[in-house]
Amino acid sequence: MIIKEASNVVKALNNRATRPQRFKHKHFTVADSLMRYAEFLGYGDIHTKIDRKTGLKAIVAIHNLSRGPAIGGCRMATYETVDKAIEDALRLGYMMSYKAAINNLPHGGAKAVLIRPKVIEDREAYFEKFGEFINDLGGRYITAVDSGTSPIEMDIIARRTPYVTCTSKSGGDSDPSPLTALGVRRAIQAAVKFKLGKETLDGVHVAIQGAGHVGYCLAKELKTLGASITIADVNIKALQRCIDDLAVKVCTPEEIFRIKADVFSPCALGAILNKDTIKNLQVSIVAGAANNQLSHHHYGALLHERGILYAPDFLINSGGLIHVAVIYDHGDMKKSMEQIHNIYHTVYDIFERSAHENLPTNTIAERIAKDRLYKS
């Protein structure tokens, strides 16, 4: 997807010493590259907060507010440098906007990144201070659970601001994997119907790359519906769990691209679909949970040319975002599940448009998201 192209901008800027002719100014800094990255992505606001007493160092990247207040998770992680943390917030907030828009949610996208200190002496004071920071933004950003945080932290944040979801009171869940897997499973069902003309998954062979939380949940759902599963992962323990619990077949990480199957489902690292891997695929459909599966935007066209139906990743892996947005807006678990199930219809419509206009599915999906973001 186009986020990969944006990442290339940062790499090019940071490698400026080898190509000085591209820059007018001799002293081009990391800050300059990050600002250009933000401009390239179409930001938006970038807010920072430092509190020496609690050790809080927070970044909130608000990408777009045209559809409503921005929503996105609060990620707490260790970063080598501050610029890496800012880049992470920018990249993830941008992706949240596209996920919200393609699913017609009344929200823009954003992301909070907390740079984990070596020691947090008072965790409650730390997250209360972050809650005050969120509250100072006046409802422009709604925070939620992400890696490194849980409903426990959301409950603390809620003491200082109403602009938070995924609290224990709202039915928050610290593991969005089952919801992400549900959306991907619905997309696979839509793709199987569109491409293979099958109403069920009975006997459909799915090759899953990645046996982590989402990969395991997806394999479990597919197996229950009669699919045949081959799975690969570098983590032997994760693979063994799939074998023990689900009786799946396994292969090496290198072999997964060459497995003859109906569906290839990337559920691990991004940027794994390139000229070489696409050439090796022996499937009719690609539909998985990993972010940024295309190593470059134009590889969507290569899949299209090969007759491989691609389910755009930022649409089909958005079950977690749909859930937190609907719970915040309506407090209705049933409505949340209905909207995640609706990924089936959204992606099926994209398949039909792709066939009618003879354009790659990722191009169609990105156009829909951009139209909703910038023409609403």
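Structure: above.
Below, the structure is looked at part by part. The residue count restarts for each chain, going from 1 along the sequence in the order it is written. Residues qualify for local features only when their pLDDT is at least 70, as the model is predicted, and side-chain atom pairs are given and counted only at 80 or more; totals for whole chains, interfaces and linings, by contrast, use all residues. With hydrogens and water excluded, all non-hydrogen atoms of the structure serve as input to the side-chain values.

**Considerations on the overall build of the protein chain**
And step 1. A tally of helices and strands in the protein chain yields 15 helices and 11 strands.
And step 2. Along the first, second and third principal axes, the C-alpha atoms of the protein chain reach 60 × 55 × 45 Å.
And step 3. A total of 376 residues make up the protein chain; the buried ones form 55% of that total.
And step 4. Sequence separation of 24 or more characterises 66% of the internal contacts of the protein chain that already satisfy a separation of 6 or more.
And step 5. With 48 positive and 40 negative side-chain charges, the protein chain shows a separation of 4 Å between the mean positions of the two kinds. Think of it this way: any DSSP run of H or I at least four residues long counts as a helix, any run of E at least two long counts as a strand, and we number them from the N terminus. Categorising residues by exposure relies on relative accessible area from a 1.4 Å probe, with only protein chains included: less than 20% of the type maximum marks a residue as buried, more than 50% marks it as exposed, and the intermediate range marks it as partly exposed. What makes two residues a contact is simply this: any of their non-hydrogen atoms within 4.5 Å. Counted as positive: Lys and Arg. Counted as negative: Asp and Glu, with His and the chain ends omitted from the count. All charge positions are set by atom: Lys at NZ, Arg at CZ, Asp at CG, Glu at CD.

**Describing the packing of helix α14 (residues 343-357) against helix α15 (residues 361-374)**
And step 1. In this analysis an axis means a line fitted to C-alpha atoms, helices contributing only their contacting stretch, and an angle means the value between N-to-C directions, from 0 to 180 degrees. Where α14 contacts α15, the two axes come as close as 9 Å, and the packing angle between them is 115°. Overall, the two elements α14 and α15 adopt an arrangement that is roughly perpendicular. Pair α14 / α15 crosses with right-handed handedness. On α15, the residues that touch Ile350, Phe351, Arg353, Ser354 and Glu357 of α14 are Thr361, Ile364, Ala365, Arg367 and Ile368. Here the word oblique covers every angle except those under 35 degrees (roughly parallel), over 145 (roughly antiparallel) and from 65 to 115 (roughly perpendicular). Definitions for this section: a left-handed crossing has its near helix turned counterclockwise from the far helix by less than a right angle. A right-handed crossing has that turn clockwise.

**A short note on the side chain of Thr161**
And step 1. On the secondary structure map, Thr161 appears in the loop between α5 (151-157) and α6 (177-196).
And step 2. Using a relative accessible area of 4% as the deciding quantity, one classes Thr161 as buried.
And step 3. There is a polar contact of 3.1 Å between the side chain of Thr161 and the side chain of Asn135.
And step 4. Within polar-contact distance, the side chain of Thr161 engages the backbone nitrogen of Tyr163 at 3.1 Å.
And step 5. Discounting residues that sit within four places of it in the chain, Thr161 has contacts with Gly131, Ile134 and Asn135. Counted as a polar contact is a pair of N or O atoms within 3.5 Å, where, for protein atoms, one must be capable of donating a hydrogen and the other of accepting one, and residues adjacent in sequence contribute only when both atoms are in side chains.

**A word on α6**
And step 1. For α6, spanning 20 residues, the distance from its first C-alpha to its last is 27 Å, which sits close to the expected 28 Å at 1.5 Å a residue.
And step 2. In terms of burial, α6 is largely enclosed, as 15 of its 20 residues are buried. Expected helix span is computed as 1.5 Å times (number of residues minus one).

**Things to note about the pairing of strand β7 (residues 228-232)**
And step 1. Buried residues dominate β7, accounting for four of its five residues.
And step 2. Where strand β6 (residues 205-209) meets β7, five bridges bridge the pair, whose relative direction is parallel. Among the inter-strand pairings, Ile208 is bridged to a residue of β7, identified as Ile231.
And step 3. Chirality of the crossover, the property in question, places the unit of β6, helix α7 (residues 213-224) and β7 among those that are right-handed.
And step 4. Alignment of β7 against strand β8 (residues 249-250), held across two bridges, turns out to be parallel. Within β8, the residue paired with Ile231 across the bridge is Val250.
And step 5. A clockwise course of the path from the first strand over the helix to the second, judged with the strands pointing away from the viewer, identifies a crossover as right-handed. Traced from β7 through helix α8 (residues 236-246) to β8, the parallel crossover comes out right-handed. Two strands qualify as a pair provided that DSSP identifies no fewer than 2 bridges between them.

**Section: the layout of surface pockets**
And step 1. Using a 1 Å grid laid over the protein atoms alone, points where a 1.4 Å probe fits but cannot get out form a cavity; open sets with protein on both sides within 12 Å along at least 5 of 7 lines form a pocket; any residue with an atom within 4 Å of a point counts as lining. Grid points are joined across faces, edges and corners, and a volume is the space filled by probe spheres set on the points. Of the voids in this model, the largest pocket is the one considered here, and its volume is about 1,200 Å³.
And step 2. Around the largest pocket, the lining comprises 50 residues; the ones closest to its centre are Arg75, Asp146, Pro176, Thr180 and Asn291.
And step 3. Residue assignment for the lining of the largest pocket shows that the elements contributing at least two residues are β3 (70-77), α3 (82-102), β5 (141-145), α6, α7 and α12 (319-330).
And step 4. Here the lining of the largest pocket is composed, by residue class, of 19 nonpolar, 23 polar and eight charged. Note on residue classes: Ala, Val, Leu, Ile, Met, Phe, Trp, Tyr, Cys and Pro are nonpolar, Asp, Glu, Lys and Arg are charged, and everything else, Gly too, is polar.

**A short note on the sheet that holds strand β11 (residues 309-310)**
And step 1. The strand order β8-β7-β6-β9-β10-β11 describes an open sheet built from six strands, whose pairing is parallel. Lying at the two open borders of the sheet, with one neighbouring strand each, are β8 and β11.
And step 2. Examined bridge by bridge, strand β10 (residues 285-286) and β11 share two bridges and lie parallel to one another. Each residue of the ladder has a partner; that of Val286, found in β11, is Tyr310.
And step 3. Docked against the sheet, α7 engages β6, β7 and β9 (263-266), running at close to 170° with respect to β6.

**Here's the deal with the side chain of Thr54**
And step 1. Here Thr54 shows up in the loop between β1 (45-51) and β2 (56-62).
And step 2. Overall, the relative accessible area of 14% leaves Thr54 in the buried class.
And step 3. Among the polar contacts made by the side chain of Thr54, one reaches the side chain of Asp51 at a distance of 2.7 Å.
And step 4. Not counting residues up to four positions away in its chain, the partners in contact with Thr54 are Ala125, Tyr126 and Lys129.

**Concerning the pattern of salt bridges**
Pairing is possible between side chains that carry opposite charge, provided their charged atoms lie close to one another.
And step 1. Put simply, a salt bridge is a Lys or Arg side-chain nitrogen that is within 4 Å of an Asp or Glu carboxyl oxygen. All told, the structure shown has 15 salt bridges when counted by the stated rule.
And step 2. The closest approach of N and O atoms between Arg123 and Glu153, which form a salt bridge, is 3.2 Å. Of the two residues, Arg123 sits in helix α4 (residues 123-136) while Glu153 sits in helix α5, which places them 30 residues apart along the sequence.
And step 3. You can call Arg123 partly exposed: its relative accessible area is 33%.
And step 4. One network of salt bridges, with partners in common, ties together Glu124, Glu128, Lys129, Glu132, Arg159 and Arg160.

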